[in-house]
Amino acid sequence: MSAEAKKPSSFEAVIAAFAFVVSFAFAYGYWRLATRQNEQDARFEQRRDELQRSLFRLQADLESGRAADNLELQVITLVAPHLSRLRESGREAMASQRIVDAAAELLAARGRPGLRQMAEKIRERGAPVETPDAQARIDAAAPAKAPSNPWLVLLATLPGTDLGAAEEVANEKLRTAKDVGMMPLVSIYRTKLKGRYVVALGKPTERSDALVTAAQARQKNLAADAFAEPDGGWKLTGTAPFPSGSR
């Protein structure tokens, strides 16, 4: 009788089996969840590593690009005084031509052919330095060909609230440009992002030409901080000379 009492009933056996199955199901589900979580963590870790490597590569490319830009700017600044002798003759002219050719080869080997192209253009059309009136006639007679990636040579930047001050600066830069023998064309543009007025020398041109012109403007003290910058679709406000005291 006691042995029969200790023997589990069918209902208790079913309950025990159900409890075992439920425990196993919970354990299996937890194992699957942990496995899936580990797999996701591994994928996230892999993606993070790939993203980090991509960022490192991008940073290296940007630093390399900035270094190349700085090198090109420094080289063009150094050879700018020699560009006017590309069509001359004599010992000094030959030395200047060798300097320009060496600098052009150096930049071209680094994927910057702008100086070489500009030197070839100068040799084809003649000496780049003319008197202001002659240069103005050449610019007026030359067919207008918009550059594919226009750049501007900026001489000054002023707040967008004082157009009169910008016009006075433009008039002053125009007089100085004529005095030092640079192109007598000074204009005012209004930037899109910050709405500032910028005083620019010449027309929108190719990047290499703008770099050379900016270097010449610094060397001739037209603007100590003259620099070249891409034309961001800025609005042309006017061209010097402007009426004195008009505003």
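These figures come from a predicted structure and were not determined experimentally. (Residues numbered from 1 in each chain as written. Predicted model: local features only at pLDDT ≥ 70, side-chain atom pairs only at ≥ 80, totals over all residues. Heavy atoms only, no water.)

(A) Geometry of the sheet that holds strand β1 (residues 151-158). Here 5 strands make up an open sheet; going across it, the order is β4-β1-β3-β2-β5 and the pairing antiparallel. Each end of this open sheet is capped by a strand with a single partner; those strands are β4 (227-230) and β5 (235-239). Strand-to-strand twist of the sheet, defined as the mean angle between neighbouring strand axes without regard to direction, takes the value 45°. In this structure, β1 lies alongside strand β3 (residues 197-205), joined through 6 bridges in antiparallel fashion. Its bridge partner lying in β3, A156 is registered against V199. Contacting β1, β3 and β4, helix α7 (residues 207-219) crosses the sheet at an angle of about 40° to β1. (Pairing = 2+ DSSP bridges. Helix = DSSP H or I, 4+ residues; strand = E, 2+ residues; numbered from the N terminus. Axes fitted to C-alpha atoms, helices over the stretch in contact; angles between N-to-C directions. Contact = heavy atoms within 4.5 Å.)

(B) Highlighting the pattern of salt bridges. By the definition in use, this model includes 2 salt bridges. The salt bridge partner of E105 is R116, with a shortest N-O separation of 3.0 Å. With a gap of 11 residues between them, E105 in helix α3 (residues 91-109) and R116 in helix α4 (residues 114-125) connect regions that are remote in the sequence. Overall, the relative accessible area of 47% leaves E105 in the partly exposed class. In this structure, the salt-bridge partner of D209 is K121, at a minimum N-O distance of 3.3 Å. (Salt bridge = Lys/Arg side-chain N within 4 Å of Asp/Glu carboxyl O. Buried < 20%, exposed > 50% of the residue type's maximum accessible area, 1.4 Å probe, protein only.)

(C) Region of the structure containing α4. An ideal rise of 1.5 Å per residue puts 16 Å on 12 residues; α4 measures up with 17 Å between its terminal C-alpha atoms. Those residues of α4 lying buried are G114, L115, M118, A119 and I122. All buried residues of α4 project into a common sector of 130° when viewed along the axis, lining one side. (Expected span 1.5 Å × (residues − 1). Arc of directions from axis to C-beta.)

(D) Examining unusual backbone geometry more closely. Backbone torsion omega between A240 and P241 reads 10°, so that peptide bond is classified as cis. Here P241 lies in the segment after β5. With phi around 60°, N221 is a residue other than glycine that occupies positive phi space. Mapped onto the secondary structure, N221 falls in the loop between α7 and β4.

(E) Structural view of the side chain of K173. Relative to the helices and strands, K173 resides in helix α6 (residues 163-180). Comment: no salt bridge for buried K173; closest opposite-charge side chain is E172, at 5.6 Å. Contacts of K173, omitting those with residues within four sequence positions, involve L155, V186, V199, L222 and A223. (Lys, Arg positive; Asp, Glu negative; His and termini not counted.)

(F) Focus on the nonpolar core. Core analysis: the largest hydrophobic core is formed by 43 residues, its most contacted members being L83, L115 and L155. Aside from chain neighbours lying at most four places away, what touches L115 is V75, I76, V79, L83, V100, A103, A104, L107 and S208. One finds L152, Y189, V198 and A200 within the second-largest nonpolar core, a separate group that totals 6 residues. (Core = buried A, V, L, I, M, F, W, Y, C linked by side-chain atoms within 4.5 Å.)

(G) Highlighting the packing of α4 against α7. It is the contact of α4 with α7, at a shortest axis distance of 9 Å, that shows an interaxial angle of 80°. Taken together, α4 and α7 sit at an angle that is classed as roughly perpendicular. Between α4 and α7, the contacting residues are G114, L115, M118 and K121 on the first element and S208, D209 and V212 on the second. Each residue belonging to the contact of α4 with α7 can be placed in one class, and the counts come to 3 nonpolar, 2 polar and 2 charged. (Parallel < 35°, antiparallel > 145°, perpendicular 65-115°, else oblique. Nonpolar A, V, L, I, M, F, W, Y, C, P; charged D, E, K, R; others polar.)

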